[in-house]
Amino acid sequence: MTTPGLLSDLLVLFALCVAVALVFHRLRLPPIVGFLITGVVSGPYGFGLIRNVGDVESLAEVGVILLLFTVGLEFSLQDLARMKRLLFAGGGGQVLLTLGATALLAHTLGVAWPVATFLGMLVALSSTAIVLRLYAERDELATPYGKTAVGMLIFQDLCIVPMVLLTPILGGQGRGLSNLGATILEAALLLTAAVVAARLVVPRILHLAAGTRRREIFLLTIVLLCLGTAWASARVGLSLALGAFIAGLVIADSEYSQQALADVMPLRDVFNSLFFVSIGMLFDIRVVVRSPMLVLGAIVAVTTLKAVITTGVSAALGQSVRTAAATGLGLAQIGEFSFVLSAAGSSAGLLSEHLDQLFLAVAVGTMALTPALVTAAPN
């Protein structure tokens, strides 16, 4: 009896993930960076330990769907209303200024405007997973800079949906700028259908599932609603990510939202680890070896740009210089949603292989710097 290839690959990946995550925990480094390095080591540019990279990437796509789904589940209109100034003024200012400054800098260096704009979107997003975990460990979520960071991160997480919609348009695939309204209309219709379902259908389905008092039945129902909505979104020409986000919004309106979030989080974390591993598999370490100063310079430039802009926006909200600087240093990295966006950008032809490799190196570098920056921040 032979061992299936995918099972062997998953066994290798999970063994490496556990080992690397334990080491990174000891070093107080984010596990996400460890998962990325696991992909580098095991992928085709590393030791070639994984034979079925395509199968791993397919499973990783489920991780993206579950990631957007949980963002939708945590989307509370009441909470957002209470922090609307931090969310829209702070988050909106940070995203727009970072996007604009990055795009202008890239265009000055000879990059075409569509690609430069896309690079701006990649750089504008910070890591919710890393920052919130670090602040929680340091008991700093309730501090002024912690609250500001949370508001900006929530806004950034919500921005991934329109950014994913805009990516193929920037790449000139399928829909042009003249048809952007049609894309928005389709998304609005899907959202309207989801709202109707949230009022009339989903509560009854969840009530039936919860009434069985069997956790596996409830979890299967949640996953069915998530994947089903993502599939419906893809069928009408929108992204899987948008459908998953809308599914989260639908369930967030029900009385079972907290139970759904608690049940799906472990599943999300497992598939997310595969997503980051699959991103690492795409990274060619020879890019760093060939151009170490370019990579280092890009890491310094991105970190400095984001820290300065975020500090300025925080100060404009009335924070003290120390608090604003702490917020800026905390959000100076590239985030996990940027990997979701980069995959879409590569498919749309916006990122060349060299540019994609440079982005991966810079993203991993800024993530690895985050613990040190948060520790060094004034508080």
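Located above this text is the structure these notes cover.
These figures come from a predicted structure and were not determined experimentally. Counting of residues starts from 1 at the beginning of each chain's written sequence and follows it residue by residue. Reporting in this predicted model follows two pLDDT cut-offs: at least 70 for local features of residues, and 80 or more for side-chain atom pairs to be given and counted; totals over whole chains, interfaces and linings ignore these cut-offs and use all residues. No hydrogens and no water enter the side-chain calculation; it runs on all heavy atoms of the structure.

1. Quick word on the overall build of the chain
(1) Moving on: A helix here means a DSSP run of H or I that spans at least four residues, while a strand means a run of E at least two residues long, and both kinds are numbered starting from the N terminus. Broken down by element type, the chain carries 18 helices and zero strands.
(2) Moving on: The globule rule is 2.2 Å times the number of residues to the power 0.38, and the radius of gyration it is compared with is taken over C-alpha atoms. Taking 2.2 N^0.38 as the reference for a compact globule, 379 residues should give roughly 21 Å; the C-alpha atoms of the chain span a radius of gyration of 21 Å, in line with that estimate.
(3) Moving on: Each principal axis of the C-alpha atoms in the chain carries an extent, and together these give about 60 × 60 × 50 Å.
(4) Moving on: Sorting the 379 residues of the chain into buried and exposed places 50% on the buried side. Under the scheme applied here, a residue whose accessible area is under 20% of the maximum for its type counts as buried, over 50% as exposed, and between as partly exposed, the area being computed with a 1.4 Å probe on protein chains only.

2. Focus on helix 11 (residues 215-235)
(1) Moving on: Taking 1.5 Å as the rise per residue, helix 11 with 21 residues should run 30 Å; its terminal C-alpha atoms sit 30 Å apart, in good agreement.
(2) Moving on: Buried within helix 11 we find F218, T221, I222, V223, L225, C226, A230 and S233. Each residue after the first adds 1.5 Å to the expected span of a helix.

3. Here's the deal with the packing of aromatic side chains
(1) Moving on: Centres within 6.5 Å are what make two rings of Phe, Tyr or Trp a pair, Trp counting through its six-membered ring; a difference in plane orientation under 30 degrees is then read as stacked, over 60 as edge-to-face, and the rest as tilted. Enumeration over the complete set of coordinates arrives at six aromatic pairs.
(2) Moving on: Ring geometry for F276 versus F339: centroids 6.1 Å apart, planes at 80°, classification edge-to-face. Of the two residues, F276 is situated in helix 13 (residues 257-281) and F339 in helix 17 (residues 336-347); the sequence distance between them amounts to 63 residues. Per residue, the accessibility class of F276 equals that of F339, and both read buried.
(3) Moving on: Taken together through their ring pairs, the aromatic side chains of F275, F276, F339 and F359 make up a single cluster.

4. Considerations on a nonpolar patch on the surface
(1) Moving on: Think of a patch as exposed residues, more than 30% relative accessible area, with no salt bridge, where like charges cluster within 9 Å and nonpolar side chains (Val, Leu, Ile, Met, Phe, Trp, Tyr) cluster within 5 Å. Reported accessibility uses the Shrake-Rupley method at a 1.4 Å probe radius. Residues are deemed covered only where the shown protein chains occlude them. When a carboxyl oxygen of Asp or Glu is within 4 Å of a side-chain nitrogen of Lys or Arg, the pair counts as a salt bridge. A surface patch of nonpolar side chains, amounting to about 320 Å² of accessible area, comprises V196, L200, V201 and I205.
(2) Moving on: Residue placement: V196 occurs in helix 9 (residues 180-200).

5. Quick word on unusual backbone geometry
(1) Moving on: One non-glycine residue, D139, adopts positive backbone phi at about 55°.
(2) Moving on: Residue placement: D139 occurs in the loop between helix 7 (128-137) and helix 8 (144-170).
(3) Moving on: Its identity is not glycine, yet R213 carries a phi of approximately 60°, on the positive side.
(4) Moving on: Mapped onto the fold, R213 is located in the loop between helix 10 (202-211) and helix 11.

6. Some remarks on the environment of T311
(1) Moving on: Checked against the element boundaries, T311 lands in helix 15 (residues 292-316).
(2) Moving on: The partly exposed category is assigned to T311, whose relative accessible area is 22%.
(3) Moving on: Measuring from C-alpha to C-alpha, the distance between T311 and H207 comes to 46 Å, with 104 residues separating the pair along the chain.
(4) Moving on: Ignoring any residue separated from it by four or fewer positions in sequence, one finds T311 in contact with A324, A325 and G328.
(5) Moving on: One polar contact links the side chain of T311 to the main-chain carbonyl oxygen of A324, over a distance of 3.4 Å. The contact criterion used throughout is that any non-hydrogen atoms of two residues lie within 4.5 Å. Any pair of N or O atoms that falls within 3.5 Å is considered a polar contact. Within protein, one atom must be able to donate a hydrogen and the other to accept it, and sequence-neighbouring residues count only if both atoms are side-chain atoms.

7. A closer look at the packing of helix 6 (residues 113-124) against helix 17
(1) Moving on: It is at 8 Å that the axes of helix 6 and helix 17 come closest, and there the two elements cross at 160°. Considered as vectors, helix 6 and helix 17 are oriented roughly antiparallel to each other. Here helix 6 runs over helix 17; the crossing is left-handed. Facing helix 6, whose interface residues are F118, M121 and L122, helix 17 presents S338, L341, S342 and G345.
(2) Moving on: Classes in brief: Ala, Val, Leu, Ile, Met, Phe, Trp, Tyr, Cys and Pro nonpolar; Asp, Glu, Lys and Arg charged; the others, Gly included, polar. The class makeup of the residues in the contact of helix 6 with helix 17 is four nonpolar, three polar and no charged. Angular values range over 0 to 180 degrees, each being the angle between N-to-C directions of two axes fitted as lines to C-alpha atoms, with helices fitted over their stretch in contact. Throughout this description, any angle smaller than 35 degrees is read as roughly parallel, any larger than 145 degrees as roughly antiparallel, any in the 65 to 115 degree range as roughly perpendicular, and the remainder as oblique. A crossing counts as left-handed when the near helix is turned anticlockwise from the far one by less than a right angle, and as right-handed when that turn is clockwise.

8. A word on the nonpolar core
For soluble globular proteins, the rule of thumb is that nonpolar side chains tend to be buried together.
(1) Moving on: Joining through side-chain atoms within 4.5 Å is the link that ties buried Ala, Val, Leu, Ile, Met, Phe, Trp, Tyr and Cys residues into a set, and such a set is a nonpolar core. Core analysis: the biggest nonpolar cluster contains 108 residues, and L68, F69, I251, F339 and L341 have the highest contact counts within it.
(2) Moving on: Broken down by element, this core gets its largest block of residues, 12 residues, from helix 8.
(3) Moving on: In contact with I251, not counting residues within four places along its chain, are F69, L73, V202, L206, I222, L225, S257 and A260.

9. What about the environment of A361?
(1) Moving on: Tracing the backbone through its elements, the reader meets A361 in helix 18 (residues 353-376).
(2) Moving on: Judged by its relative accessible area of 9%, A361 is buried.
(3) Moving on: The sequence separation of A361 and L267 amounts to 94 residues, and the corresponding C-alpha distance is 28 Å.
(4) Moving on: If we skip the residues at most four places from it in the chain, A361 touches F283, V288, V295 and I299.

10. Overview of helix 7
(1) Moving on: Considered for burial, the residues of helix 7 that qualify are T128, I130, V131, L134 and Y135.
(2) Moving on: Residues of helix 7 that are buried make contact with helix 2 (31-42), helix 8, helix 16 (321-330), helix 17 and helix 18.
(3) Moving on: The distance from a side-chain oxygen at the start of helix 7 to the backbone nitrogen of I130 is 3.1 Å, and the residue carrying that oxygen is S127.
(4) Moving on: At the C-terminal side of helix 7, D139 shows a positive phi close to 55°.

11. Points about the side chain of D9
(1) Moving on: For D9, the location among the structural elements is in helix 1 (residues 5-26).
(2) Moving on: On the accessibility criterion, D9 (1% relative accessible area) is buried.
(3) Moving on: Sequence-distant contacts of D9, defined by excluding residues within four places in its chain, comprise L49, I50, R51 and N52.

12. Overview of the packing of helix 8 against helix 16
(1) Moving on: Contact geometry for helix 8 and helix 16: axes closest at 9 Å, N-to-C directions at 45°. In terms of orientation, helix 8 lies oblique with respect to helix 16. In the crossing of helix 8 with helix 16, the sense of the turn from one axis to the other is right-handed. Between helix 8 and helix 16, the residues in contact are P144, Y145, T148, A149 and M152 and T323, A326 and T327, respectively.
(2) Moving on: Of the residues contributing to the contact of helix 8 with helix 16, the split by class is five nonpolar, three polar and no charged.

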